[in-house]
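Here is how the chains run, residue by residue.
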Amino acid sequence: MHKLLDKIFNSLYPIFRDWGMSRNFASYVSLIFNIVILIALAYIIYYIAKFVLVTLTAVFAQRTKTKFDDYLIQNKTTRYTAYLIPFFFIYKAVPVILDKYEYWESIFGKIVGVYITLLALWIVRTIFNSLRDYLKQKPEYSDKPIDSFVQVIMVILWIFGVAIIISKLFGIKQGELLTILGTLSAIIILIFRDTILGFVSSVQVAINDMVRIGDWITMEKFGADGDVIEINLTTVKVRNFDNTITTIPTYALSSDSFQNWRGMQKSDGRRIKRHVLIKSSSIRFLNNEDLNQMKKVQLISSYIDSRQSEIEKYNELRGVDKTLALNGRNMTNLGLFRKYIMQYLVTHPGLNKDMHMMCRQLQSTAHGVPLEIYAFSSDKRWSNYEYIMSDIFDHVMASVEYFDLEIFELPSKIGRFD
């Protein structure tokens, strides 16, 4: 190829000479012309590689039974490989094109070599990510820490990759470079402790997708409750809902506990989990007169009829003495109230009916019996969520008296002067 370029230059030089160019200047023009040809050939090679590796591989992957090749395409392994081939061609062609320009040959060779190294590491990363995704969908590996294994492997590969890049840029042998870094490691760790911790945490945060800019996080230790606006090597900035800014060390995200609300924001509903305390002394059995009165409540009138018929049949079959309400099966005002609340939740337009929904009784306390509502609002926006939840509990507290129940409240203490 070198002889071909010289032959092209010698044939074109008479034309350059007629234009008044010196041989030295004409050689630079010829060099630029050769670089343009090289780039054009690289583009042609790229499109051929893209067609073979991306298009044909995608068609092939659709016809195979295994899902591993589908994950390779999903993680863009073939696309990055298509980028690597033309750059490898350029890397081999640069010494020929710039044979007479040692300075530029060294610079361009190093730049292309560094890019090839980074691209090769990225391709290996996509392969390991594809392997991780493939193994995760297999039941025998579902409980294995595959992410941790992939991270350890990639950290090791990146260390070697950085060593290769430094050796290419500065002409240092890789063995000597690792020896020097090992000798200086203690001093480096001492001086750059926070930076190193931040770097490792940044890698963990990025790989595990723990936090993104725009995520709503809560971290009580640092008083953070708001949206992440910046993530860098050493700090994470959070704009709280009162518009103050909280700065969190990046390494704290991997060493301390915090709450990320992204899952809730991406889900189909926001959880409502709140209870009222029912005064235990107000809970009682219901007689026929009470039941007839409560049949006026439309949401539970049909339930009372069916439930009452079932209980009467049960008691009659076993000859239960109903002169005492304690005997046999009975309905209670609290149980009927729970059923009413459940029917109310089902008909409430602000709740997601496809997610968990229940009204349950919790462990009794010294302050009464907790009656908890567990449901999900269909609107996840903060103000609307609070409105829906308040609307539900307004109704709950107002409807308690219709079931002859009471909400527990501590007695007020009124001071008295003697």
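Computed from a predicted structure; not experimentally measured. (Residues numbered from 1 in each chain as written. Predicted model: local features only at pLDDT ≥ 70, side-chain atom pairs only at ≥ 80, totals over all residues. Heavy atoms only, no water.)

Undergrad: Sorry, what's going on with the pairing of strand β8 (residues 369-377) here?
TA: Taken residue by residue, a regular strand's side chains alternate between the two faces of the sheet. For β8, the buried fraction is high: nine of the nine residues fall into the buried class. Across the two faces of β8 the burial is the same, with Val-369, Leu-371, Ile-373, Ala-375 and Ser-377 and Pro-370, Glu-372, Tyr-374 and Phe-376 all buried. In this structure, strand β6 (residues 270-278) lies alongside β8, joined through nine bridges in antiparallel fashion. Following the sheet pairing, Val-276 is matched in β8 by Leu-371. Across four bridges, the pairing between strand β7 (residues 358-361) and β8 is antiparallel. From the neighbouring strand, Cys-359 faces β8, where its bridge partner is Ile-373. (Buried < 20%, exposed > 50% of the residue type's maximum accessible area, 1.4 Å probe, protein only. Helix = DSSP H or I, 4+ residues; strand = E, 2+ residues; numbered from the N terminus. Pairing = 2+ DSSP bridges.)

Undergrad: Explain the sheet that holds β7 here, please?
TA: Strands in a sheet are paired, the pairing made by backbone hydrogen bonds, and the direction either parallel or antiparallel. Read across the sheet, three strands follow the order β6-β8-β7 without closing on themselves; strand pairing throughout is antiparallel. Either end of the sheet is taken by a strand with one partner, and the two such strands are β6 and β7. Neighbouring strand axes in the sheet, compared pairwise and without regard to direction, differ in orientation by 20 degrees on average. Lying on the sheet, helix α13 (residues 333-347) is in contact with β6, β7 and β8; it crosses β7 at an angle near 155 degrees. (Axes fitted to C-alpha atoms, helices over the stretch in contact; angles between N-to-C directions. Contact = heavy atoms within 4.5 Å.)

Undergrad: I keep staring at the sheet that holds strand β4 (residues 245-249) and nothing clicks. Help me out?
TA: The sheet built from five strands is open, its strands ordered β4-β3-β2-β1-β5 with antiparallel pairing. The strands lining the two open edges of the sheet, one partner per strand, are β4 and β5 (259-260). Here strand β1 (residues 216-219) runs beside strand β2 (residues 224-231); their pairing, made up of four bridges, is antiparallel. Its bridge partner lying in β2, Trp-216 is registered against Asp-227.

Undergrad: Help me understand the pattern of salt bridges in this model?
TA: A side chain of one charge can pair with a side chain of the opposite charge when the charged atoms of the two come close. This model, assessed by the stated rule, comprises 13 salt bridges. Residue Glu-372 is joined to Lys-273 by a salt bridge in which the shortest nitrogen-to-oxygen separation is 3.4 Å. With a gap of 99 residues between them, Glu-372 in strand β8 and Lys-273 in strand β6 connect regions that are remote in the sequence. Taking the relative accessible area as the measure of exposure, Lys-273 reaches 42% and is therefore partly exposed. (Salt bridge = Lys/Arg side-chain N within 4 Å of Asp/Glu carboxyl O.)

Undergrad: It is not clear to me how a nonpolar patch on the surface should be interpreted in this structure. Could you clarify?
TA: A contiguous nonpolar surface patch, about 600 Å² in accessible area, is contributed by Ile-37, Leu-41, Ile-44, Ile-48, Phe-51, Val-52 and Leu-56. Mapped onto the elements of the fold, Val-52 is located in helix α2 (residues 23-63). (Patch = residues over 30% accessible without salt bridge, like charges linked within 9 Å, V, L, I, M, F, W, Y side chains within 5 Å. Areas by Shrake-Rupley, 256 points an atom, 1.4 Å probe, with all protein chains shown as cover.)

Undergrad: For this particular structure, what's the right way to read helix α14 (residues 382-399)?
TA: Residues that lie three or four places apart on an α-helix share one face, since the helix turns once every 3.6 residues. With 18 residues, α14 ought to run about 26 Å at 1.5 Å a step, and its terminal C-alpha atoms sit 26 Å apart, in line with that. All of the buried residues in α14 are Tyr-385, Ile-388, Met-389, Ile-392, Phe-393, Val-396 and Ser-399. What you see down the axis of α14 is that its buried residues fit within an arc of 130 degrees, all on one side. Across from the buried face of α14, at angles greater than 90 degrees, the exposed residues are Ser-383 and Tyr-387. Buried residues belonging to α14 abut β6, α13 and β8. (Expected span 1.5 Å × (residues − 1). Arc of directions from axis to C-beta.)

Undergrad: Would you take a moment to explain the nonpolar core for this structure?
TA: For soluble globular proteins, nonpolar side chains are generally found buried alongside one another. Counting residues in hydrophobic clusters, the biggest one holds 33 residues, and the most contacted among them are Leu-336, Phe-337 and Ile-392. Examining the composition of this core, we find that seven residues originate from one element, α13, more than from any other. If sequence neighbours within four positions are ignored, Phe-337 has contacts with Leu-371, Val-396, Ser-399, Val-400, Phe-403 and Leu-405. The next biggest cluster of nonpolar side chains, apart from the first, holds twelve residues, and it includes Val-205, Val-228, Val-238 and Phe-258. (Core = buried A, V, L, I, M, F, W, Y, C linked by side-chain atoms within 4.5 Å.)

Undergrad: Honestly, the side chain of Asn-75 in this entry has me stumped. Any pointers?
TA: In this fold, Asn-75 is placed in the loop between α3 (68-74) and α4 (77-97). A polar atom in the side chain of Asn-75 sits 3.1 Å from the side chain of Ser-130. A polar contact of 3.4 Å, which involves the side chain of Asn-75, links it to the side chain of Asp-133. Among all residues touching Asn-75, those that are not within four sequence positions of it are Tyr-80, Thr-126, Asn-129, Ser-130 and Asp-133. (Polar contact = N/O pair within 3.5 Å; in protein donor to acceptor, adjacent residues only side chain to side chain.)

Undergrad: Sorry if this is basic, but what is going on with α13 here?
TA: In this model, α13 (15 residues) spans 21 Å end to end at C-alpha, consistent with the 21 Å of a helix rising 1.5 Å per residue. For α13, the complete set of buried residues consists of Asn-333, Leu-334, Leu-336, Phe-337, Tyr-340, Ile-341, Tyr-344 and Leu-345. Against the buried residues of α13 lie β6, α11 (288-294), α12 (301-317), β7, β8 and α14.

Undergrad: Looking at this structure, how should I read the side chain of Asn-129?
TA: Mapped onto the elements of the fold, Asn-129 is located in helix α5 (residues 102-136). Beyond its immediate sequence surroundings of up to four residues, Asn-129 is in contact with Asn-75 and Val-150.

Undergrad: Help me understand the packing of α13 against α14, please; the structure alone is not making it clear to me.
TA: When two helices pack together, you describe them by how their axes are tilted relative to each other and by the distance separating the axes. With their axes 11 Å apart at the nearest point, α13 and α14 run at an angle of 150 degrees to one another. As far as their axial angle goes, α14 and α13 are roughly antiparallel. Considering only the axes of α13 and α14, their crossing is right-handed. Within the contact between the two elements, α13 uses Phe-337, Tyr-340, Ile-341, Tyr-344 and Leu-345 and α14 uses Asp-391, Ile-392, His-395, Val-396 and Ser-399. (Parallel < 35°, antiparallel > 145°, perpendicular 65-115°, else oblique. Left-handed = near helix turned anticlockwise from the far one by under 90°.)

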